[in-house]
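What follows is each chain in one-letter form.
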Amino acid sequence: RKEVEQDPGPFNVPEGATVAFNCTYSNSASQSFFWYRQDCRKEPKLLMSVYSSGNEDGRFTAQLNRASQYISLLIRDSKLSDSATYLCVVSRNTGFQKLVFGTGTRLLVSP
Amino acid sequence: DAGVIQSPRHEVTEMGQEVTLRCKPISGHDYLFWYRQTMMRGLELLIYFNNNVPIDDSGMPEDRFSAKMPNASFSTLKIQPSEPRDSAVYFCASGETDQYSNQPQHFGDGTRLSIL
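Just so it is clear, the model here is predicted, and its values are computed rather than measured. (Residues numbered from 1 in each chain as written. Chains lettered and ligands numbered in written order. Predicted model: local features only at pLDDT ≥ 70, side-chain atom pairs only at ≥ 80, totals over all residues. Heavy atoms only, no water.)

### Some details on the overall build of chain B
The cut-off we apply is this: A run of H or I in DSSP becomes a helix once it reaches four residues, and a run of E becomes a strand once it reaches two; helices and strands are each numbered from the N terminus. In this setup the radius of gyration rests on C-alpha atoms only. A globule is expected at 2.2 Å times the number of residues raised to 0.38. Burial here depends on accessible area, computed with a 1.4 Å probe over protein chains only, as a share of the maximum for the residue type. Under 20% is buried, over 50% is exposed, and the range in between is partly exposed. Between two residues, a contact is recorded if the distance between any of their heavy atoms is within 4.5 Å. Here the open area of atoms and residues is found with the Shrake-Rupley method and a 1.4 Å probe, where only the protein chains shown may cover a residue. Counted charges follow a simple rule, with Lys and Arg positive, Asp and Glu negative, and His plus the chain ends left uncounted. Charge positions come from single atoms, namely NZ of Lys, CZ of Arg, CG of Asp or CD of Glu.
Along the backbone of chain B there are zero helices and eleven strands. Listed N to C, the secondary structure of chain B is β-β-β-β-β-β-β-β-β-β-β in terms of helices and strands. In terms of C-alpha radius of gyration, chain B reaches 14 Å, essentially the compact-globule figure of 13 Å for 116 residues. Judged by the C-alpha coordinates and their principal axes, chain B covers about 45 × 30 × 30 Å. Counting every position in chain B, which comprises 116 residues, the buried fraction comes to 48%. For chain B, the share of sequence-separated contacts (at least 6 apart) that also reach a separation of at least 24 residues comes to 55%. In the structure as shown, chain B presents an accessible area of about 5,900 Å², 48% of it carried by carbon and sulfur atoms. Here chain B contributes 10 positively and 15 negatively charged side chains, and the mean placements of these two sets differ by 5 Å.

Written out as structure tokens, the structure is:
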């Protein structure tokens, strides 16, 4: 079993749709959680950190469920520019240094 | 501000040759990370440094791989001898210690390595 598991997709949605991704992690000691975004042939870029109480950044909402060890990302009002691979990332220890990346969920937003 | 700078952007070389990848972290960052990304395995942490000292190299695949950080602004990842299965995108990232644990890592553009 992988430490971080994600549905690879692709998720094909029309512009304006709401789409949600889930991710599960196996290490209960993980303390730091992130969503990164990676465009084709580009480097991963931080989309948002994920906090225990849940957090929102514009059209993006992240939730953390420690009891069930899963993380979610909700994208509202999808834009064409949201098309990318979304990487779920958790720390392997109590710090932020040893990050484990999921293999990503691919999102395709169409006109 | 300048981000993480990696060179070269692309490298194509023959099996058995030595390959050296270079990285300049963001100024002031005290952590530096080397990752490898392949389609099959995704993004994997190879090694990371704190204040120029290697902290964890458990992700380094074998003795053919070595990494150094001679100063706070420069690191190298070396593969000698290279093999076709080393073909991947190699990313360098840097980060900083902060009172908040949720500090992100910032990635360079990556080096796309092809071993023929």
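### Observations concerning unusual backbone geometry
The step from Gly9 of chain A to Pro10 of chain A runs through a cis peptide bond, and the omega angle for that step is 10°. Position of Pro10 of chain A among the secondary structure elements: in the loop between β1 (4-6) and β2 (11-14). The peptide bond linking Gln80 of chain B to Pro81 of chain B adopts the cis configuration, its omega dihedral lying at -10°. Within the secondary structure, Pro81 of chain B sits in the loop between β8 (74-79) and β9 (88-95). Unusually for a residue other than glycine, Arg41 of chain A sits at a positive phi of about 65°. Even without being a glycine, Asn52 of chain B presents a positive backbone phi close to 75°. Mapped onto the elements, Asn52 of chain B comes out in the loop between β5 (42-50) and β6 (53-56). The exposure class assigned to Asn52 of chain B is partly exposed, which follows from its relative accessible area of 28%.

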